[in-house]
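Residue-level structure breakdown
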Amino acid sequence: MKITLIRPNIGRLGDVPYFDEGRMEPLQLGLLAAMCPADWEVRLVDDRCEHIPFDEPTDLVAITVEVFTARRAYEISEQYRTRGVRVVLGGFHPTLIPEEAALYADAIVIGDAEPVWSQVLADAKACNLQSRYDGYTGKVQNGILPRRDLYKGKGYLPITLIQFSRGCRYACEFCAISAYFQQRYTSRPVDEVVREIEAQDRQLVFFVDDNVVADPAMSKQLFRRLIPLRIRWVSQGSMDMVWDSELMDLMCESGCLGNVIGFESITQESLTGMNKAPNLKGFDRYEKAIQILKQYGLQTWAAFTLGCDTDTRQSLYDTLDFAVHHKFTFAAFNVLMPYYGTPLYSKLAAQGRLLFDGRWWLHSGYRFNHAAFKPAQMSPEELTEMAFELRSRWNSASSILSRFFDLKTNMRTPYRMAIYWMYNPLFRKETLKKQGMFLGMEPV
Ligand code: SF4
């Protein structure tokens, strides 16, 4: 038996497929590959950098689907199904909107694949594939180590992706992670994570956790065990990490270079409206929190969300000034997106404010990074333009140069300087390139 595992691209720039030069290893597909029995031949295909071999014989196709790749994933699925090949769809998007994904698949996997994957393969082999498998689990990876050999030669960034935990206990209004995990959080045994790090050969690791500090006690256990490994690592974490000095000490001792942190907004009103609880403790426009992050020398990737009901043109410009003033190493200025299944989506739907018939991810008129709802204090077009302006100004050559001069973070060591100069030009290029991209590959 043969299975083809596919990571779809987002879409195209005009007639040309988008080529993501900052692509990372598809960890979830490496895990699925590792869970395939020995009598299954596995082929991993990354649509971001290689052609899909539609006419190559295969018994089963499995596609991981996120909201931004849904349109492309459905196109790929249709191509295979017209050739008589069975297709399984799984991941965030099919879990949040299974009734839609089921229209484009022979089977869908809801939630995590680990508990049901062997059953999916057994049923496929017996020509008895079920239409739906419910895979929620309390065990992340369940002792499985991904097949990293399948990543070779695909030009991924030289950083190893590893997952310690899944989920987050907060309930931010816009967050698809919170909707997917229903505020559940699960972590792997620390021994297993250490074994996985030791089994790979890179020194730079990205813990792809939704919130690496969601359970500080578990995080501390992990960080203690990382110290002797002498790796360097980055991850994603909530702002409240800064108030736990033991956690911060261990994080930095264990080799943390910095985290993606969701700042979202610099106003208390917007944060309250989003239910962004980890940012609200003793809110002082983050002055103390940023001071602590800098004391530890962390190179922060600050993520901002633009278009909340209290946002005005002026508040968005203030957000950019704030980010430049604090010389964050990286930053993202994201338009607030209504992800299906989130409280935000339900609220905007009830208020009649969703655009593109409420299905922007499939709509032929939607373009990447455009607003998909009616903001309260500006038009959707204004929000789209402002977000692009902020991204352009943040990524300008003068901004990149001026932000570099921070002795506590970006200039702290030669290694950190190298990180700064290696990734800022890359992110600038990718950010500006993607604006207005078509979702999917097929012309509308
Ligand atoms: S803290 Fe981050 S991961 Fe957790 S619910 Fe909020 S946005 Fe989502």
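Provided above is the structure to which this section pertains.
In this convention, every chain numbers its residues from 1, walking through the sequence in written order. Per-residue local features are limited, in this predicted model, to residues with pLDDT of at least 70; the limit for side-chain atom pairs, both in listing and counting, is 80 or more; totals at the level of whole chains, interfaces and linings are taken over all residues. To obtain the side-chain values, all non-hydrogen atoms of the structure were used and water was disregarded.

Here the focus is the packing of helix H7 (residues 190–198) against helix H8 (residues 216–226). Across the interface, H7 lies against H8 with an axial gap of 10 Å and an inter-helix angle of 35°. H7 and H8 meet at a crossing whose hand is right-handed. Judged by residue contacts, Val 190, Asp 191, Val 193, Val 194 and Ile 197 of H7 engage Gln 221, Leu 222, Arg 225 and Leu 226 from H8. When residues are sorted by character, Ala, Val, Leu, Ile, Met, Phe, Trp, Tyr, Cys and Pro go into the nonpolar class, Asp, Glu, Lys and Arg into the charged class, and all the rest, Gly among them, into the polar class. Looking at the contact of H7 with H8, its residues break down into six nonpolar, one polar and two charged. As a rule, the C-alpha atoms of each element are fitted with a line to give its axis, helices using only the stretch in contact, and angles between N-to-C directions run from 0 to 180 degrees. Only DSSP runs of H or I covering at least 4 residues are called helices, and only runs of E covering at least 2 are called strands; the numbering of each starts at the N terminus. Handedness of a helix crossing follows the sense of rotation of the near helix relative to the far helix, less than a right angle counterclockwise being left-handed and clockwise being right-handed. Only heavy atoms enter the contact rule, under which two residues are in contact if any of them lie within 4.5 Å.

For the purposes of this analysis, a disulfide is any pair of cysteine sulfur atoms at a distance within 2.5 Å. This model, assessed by the stated rule, comprises zero disulfides. Note on Cys 252: no disulfide assigned, nearest cysteine sulfur contributed by Cys 256 at a separation of 5.9 Å.

The strand order across the open sheet formed by six strands is S4-S1-S5-S6-S7-S8, and the pairing between neighbours is parallel. Bordering the open sheet on either side are strand S4 (41–46) and strand S8 (132–134), each of which pairs with just one other strand. Geometrically, the sheet is characterised by an average inter-axis angle of 20° between neighbouring strands, direction not taken into account. Criterion used throughout: strands pair if DSSP finds at least two bridges between them.

Quick look at the layout of surface pockets now. Lining residues are defined by having an atom within 4 Å of a point belonging to a cavity or pocket. Those points lie on a 1 Å grid over the protein atoms alone, cavities being sets where a 1.4 Å probe fits but cannot get out and pockets being open sets with protein on both sides within 12 Å along at least five of seven lines. Grid points are joined across faces, edges and corners, and a volume is the space filled by probe spheres set on the points. As a volume, the largest pocket reaches approximately 290 Å³. If you trace the largest pocket, you find 15 residues lining it, with Glu 25, Arg 148, Lys 152, Asp 201 and Arg 202 closest to the centre. Here the lining of the largest pocket is built from residues that sort into five nonpolar, four polar and six charged. If you add up the space inside the second largest pocket, you get close to 240 Å³. Around the second largest pocket sit 15 residues that line it, and Ile 231, Arg 232, Cys 252, Glu 253 and Gly 255 are the ones nearest its centre. Listed by contribution, the elements that provide at least two residues to the lining of the second largest pocket are helix H9 (245–253), strand S14 (256–264) and helix H16 (414–434). By residue class, the composition of the lining of the second largest pocket is seven nonpolar, four polar and four charged.

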